[in-house]
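Analysis of the macromolecular model
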Amino acid sequence: MSDAKTVFVRTYGCQMNVYDSDRMTDALAPVGYRTTDNLDEADLVILNTCHIREKAAEKVYSEIGRIRKVKDARAGGDKPMTIAVAGCVAQAEGEEIINRAPAVDLVFGPQSYHRLPELLKRAGNGARVVETDFPTEDKFAALPAAEKAVMMKRGVTAFLTVQEGCDKFCTFCVVPYTRGAEISRSVAQVLDEARRLAEAGVREVTLLGQNVNAYHGEGPDGSDWGLGRLLFALAEIPGLDRLRYTTSHPRDMGDDLIAAHRDLDCLMPYLHLPVQAGSDRILGLMNRKHTGADYFRLVDRIRAARPDIALSGDFIVGFPSETEADFQATLDLVSEIGYASAFSFKYSPRPGTPGANLDDQVPEEVKSERLQRLQALINDQQRAFNLSKRGSEMDVLFEKPGRFDGQLGGRSPWLQAVHVEAPAQLLGEIRRVVIEDVGSNSLVGRLIADRPAVATPAEDASRVAADAGGVA
Ligand code: 5AD
Ligand code: SF4
């Protein structure tokens, strides 16, 4: 298209934002936008923002300052630039962004992505548009179906949002305010999108939701389906060899979901199950609705169902009033569970959340010191987990060219990065690999069989489709 416009999207934050950015570009394609990696040539710049922790908003403002220079340089020419702020900072700050950053033309929250073409039209008429309402229509149904050609570019792994928003109201968290109440997409919508992805050559799908295991979508029979049942249905789709999901709340690990871990080989043995803290007093103040003992019991049940499962988690240090003894309970929990990886953060008071109003905020230097100790423990565990794989065989899905010529980069079932000498035509394939070396963040493997690791007729059919589209 000769008069095509270009859009540059910068994505901050979580995987759902990555998914959302793709859906925004999908929504813009029918109105003539193609994506560009070059900010300088873009007609439209979208910052898809994150508000989960401190300074996120400040980062956005300084980024707008930089982009504004490009916009100003073009002023009066025949290629004006539109600047849009999307995502959770847009939802939380709304009008304030327009007031503070006059270069911004359009501010819109996560519930308005399907209306992007219309919002742009309004902004194009010189109006400055702020759209942060929670509309009643189904955003997912209104977003255009992803074009196969667009999906092909996304490679062999893909995200698929099945659930959005959260009703848990942990006292530190902005998500219930920025993403709104929990909603689940229907089973039919999810299966349809997953089938399209598989047909486009995607081999691994990660189901996304802020609280994904609270999924309760309407099934074809009119009843509510939980995440476990959904996973059993997804496992039937030809070509989808690997399923993952994130992020889970311990309270919502239902029996059907644990059974899925027991019964489905394609459900990868890796579970991100944040607990946030080890002290019951702090867990109470965080409104997590479970104790440390509840978490241990749950992990025991999950490990009984799938003994090789790798656990990951999120931790917050320095929540208001956290004492050294409370923090020690977090260290004890981590030592006892044994994580394959984990993320840890200093508590940052988020405006509008109950935690921000609690007395007894923990001094910054205490938070920093605790974070260091926790991260040292987590790093040791991650190293130990990686080392435990040395000499073992595993299936690796090759996702991208490797760091060096002749190498491919892939993932183990436990989400570890694996570098392997392998021919480029194995991109998009799963192969058996033996692990010969272990680095701090990745494994080095050697191909031990040039045949599919998981050979099913369905998989062979999908490979033909992928080849035709040029993925492999
Ligand atoms: N301060 C620090 N960390 C936070 N997280 C969420 N909100 C905050 C906050 N206010 C962390 C939690 C969550 C992860 C995505 O981010 O650990 O699981
Ligand atoms: Fe935030 Fe997760 Fe708690 Fe929901 S369950 S409020 S998304 S931390």
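Structure report, in brief. In this text the structure is predicted, and so the values were computed from the model without any measurement.

Conventions adopted
- Along every chain, residues carry numbers that run from 1 in the direction the sequence is written.
- Going through the entries in the order they are written, you letter the chains from A and number the ligands from 1.
- Selection of residues for local features in this predicted model requires a pLDDT of at least 70, selection of side-chain atom pairs for listing and counting requires 80 or more, and totals for whole chains, interfaces and linings are taken over all residues.
- Only heavy atoms go into the side-chain values, all of them from the structure, while hydrogens and water stay out.
- For salt bridges, the criterion is a side-chain nitrogen of Lys or Arg within 4 Å of an Asp or Glu carboxyl oxygen.
- Helix and strand assignments come from DSSP, with helices taken as H or I runs of at least 4 residues and strands as E runs of at least 2, each series counted from the N terminus.
- Only protein chains enter the area calculation, which uses a 1.4 Å probe; residues under 20% of their type maximum are buried, those over 50% are exposed, and those in between are partly exposed.
- Strand pairing requires that DSSP identify at least two bridges connecting the strands.
- Lines fitted to C-alpha atoms define the axes, with helix axes restricted to the stretch in contact, and inter-axis angles between N-to-C directions lie between 0 and 180 degrees.

On to the pattern of salt bridges, then. Counted according to the given criterion, the structure contains 40 salt bridges. Glu-58 is the salt-bridge partner of Arg-100, the closest N and O atoms lying 3.4 Å from each other. With Arg-100 in helix H4 (residues 95–100) and Glu-58 in helix H2 (residues 56–74), this pair connects stretches of sequence that are 42 residues apart. Taking the shortest distance from any N to any O, the salt bridge between Asp-241 and Arg-203 comes out at 2.3 Å. A residue pair is termed long-range when its members are at least 10 positions apart, and Asp-241 in the loop between helix H10 (227–234) and strand E13 (242–246) and Arg-203 in the loop between helix H9 (187–199) and strand E10 (204–208) qualify at 38 residues. Residue Asp-241 is classed as buried on the basis of its relative accessible area of 13%. Under the relative-accessibility criterion, Arg-203 is labelled buried at 4%. Within the structure, one salt-bridge network assembled from shared partners comprises Glu-322, Glu-324, Glu-369, Arg-370 and Arg-373.

The omega torsion of the bond from Thr-246 to Thr-247 falls at 5°, within 30 degrees of zero and hence cis. The residue Thr-247 is located in the loop between E13 and helix H11 (255–263) in this model. With a phi angle near 65°, Asp-360 is a residue other than glycine that sits in the positive phi range. Mapped onto the fold, Asp-360 is located in the loop between strand E16 (341–346) and helix H15 (364–387).

Strand order in the open sheet formed by 3 strands is E7-E10-E13, with parallel pairing between adjacent strands. This sheet does not close on itself; its edge strands, each paired only once, are strand E7 (157–161) and E13. Taken over all neighbouring pairs, the strand axes of this sheet differ in orientation by 25° on average, direction set aside. Across 5 bridges, E10 lies against E13 in parallel orientation. Note that in E13 the partner of Glu-204 across the bridge is Arg-242.

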